[in-house]
Amino acid sequence: TSAGAPAPLTGSFTVRVTSNPHFDLTVPESIQRKAGDTTVTGSISITSEDGFTDTVSLSCTSSYPGSSCAVAPSSVSSYPASATLTVRGVTFVAGSYTLGITGTSGSVVQAKQVTLNVGDFSISGRQTLWTAPGGQAPVTLTLTSLYGYSGTIDFSCDLSALAAALCSVSPN
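Let me begin by describing the structure that accompanies this report.

Quick notes on the rules
Residue indices begin from 1 for each chain and proceed along its sequence in written order. Reporting of local features is limited, given that this is a predicted model, to residues whose pLDDT is at least 70; pairs of side-chain atoms are given and counted only at 80 or more, and all residues count toward the totals for whole chains, interfaces and linings. Only hydrogens and water are set aside when side-chain values are computed; all heavy atoms of the structure are taken into account. Under the DSSP-based scheme used, a helix requires at least four consecutive residues in state H or I and a strand at least two consecutive residues in state E, with every element numbered from the N terminus. Among buried residues, the Ala, Val, Leu, Ile, Met, Phe, Trp, Tyr and Cys ones that are joined through side-chain atoms within 4.5 Å form a nonpolar core. Each residue gets one of three labels from its accessible area relative to the maximum for its type: buried under 20%, exposed over 50%, partly exposed in between, using a 1.4 Å probe on protein chains only. Salt bridges are defined by distance alone: a side-chain nitrogen of Lys or Arg within 4 Å of a carboxyl oxygen of Asp or Glu. Note on pairing: two strands pair once DSSP finds at least 2 bridges between them. Between N-to-C directions, angles cover 0 to 180 degrees, with each direction set by a line fitted to C-alpha atoms, over the stretch in contact for helices.

**Focus: the environment of Arg16**
Of note, Arg16 is situated in the segment before strand S1 (22-26). Note: C-alpha distance between Arg16 and Thr115 (99 residues apart in sequence) is 42 Å.

**With respect to the nonpolar core**
If you look at the biggest cluster of nonpolar residues, it comprises 26 residues, and the most contacted ones within it are Ile44, Ile46, Leu58, Leu85, Leu99, Ile101 and Leu116. Put simply, the parts of the chain that give this core at least two residues each are S1, strand S3 (39-49), strand S4 (56-62), strand S7 (81-88), strand S8 (95-105) and strand S9 (108-124).

**Some words on the pattern of salt bridges**
Counted according to the given criterion, the structure contains 1 salt bridge. Between Asp37 and Lys34 there is a salt bridge whose closest N-O contact spans 3.2 Å. Taking relative accessible area as the criterion, Asp37 reaches 18% and is therefore assigned buried. Given the relative accessible area of 42%, Lys34 is considered partly exposed.

**Considering the sheet that holds S3**
Pairing is antiparallel across the open sheet formed by 4 strands, whose spatial order is S1-S3-S7-S5. For this open sheet the edge positions go to S1 and strand S5 (68-72), each flanked by a neighbour on one side alone. Neighbouring strand axes in the sheet, compared pairwise and without regard to direction, differ in orientation by 25° on average. Pairing geometry for S3 and S7, over 8 bridges, is antiparallel. Note that in S7 the partner of Ile44 across the bridge is Ala83.

**What about the environment of Gly134?**
By the secondary structure assignment, Gly134 is in the loop between S9 and strand S10 (142-146). Along the primary structure Gly134 and Ala165 are separated by 31 residues, whereas in three dimensions their C-alpha atoms are 9.1 Å apart.

**Some words on the pairing of S8**
Sheet topology places S4 next to S8; 6 bridges connect them, and they run antiparallel. Looking across to S8, one finds that Leu58 is bridged to Gly103. Bridge analysis of S8 against S9 gives 11 bridges, and the strand direction is antiparallel. Within S9, the residue paired with Thr102 across the bridge is Ala111. The turn linking S8 back onto S9 is made up of 2 residues, and Gly106 within it adopts a positive phi angle of 60°.

Encoded structure:
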């Protein structure tokens, strides 16, 4: 030290590093299905953090009325692990629903939510067509995706109630 400067302070200390063994659940952000499906599945990943080795019990809940929700296997004890989420309903109707996935090991609980989007589509356009005999009555129909529907839509038309009438759809 230089003259008049305070003497440096020295000291010792102990650093204690502790681990926090735990597990982590990874679930899809959302699951997309189409209206009319009766079963929905998704994947769950379970990983060990900081040396976690205990058993994790897995369960799920569904906000879809009348559905059942299960995870298989229902518990895991070696990591990394995966499980399958299965939701069964009578017939899913269009809408957005919430699935809750919970992993529990003693006092360690991890809960995640997955959005279940059941997609469908709507058709809009004129409901009644008029034309003179021998004439044509073109109509434009608009298809709108509901809740993320992105499937194929097959069109057909039926004029069997009108003798000798023809109907075509473009594109079909």
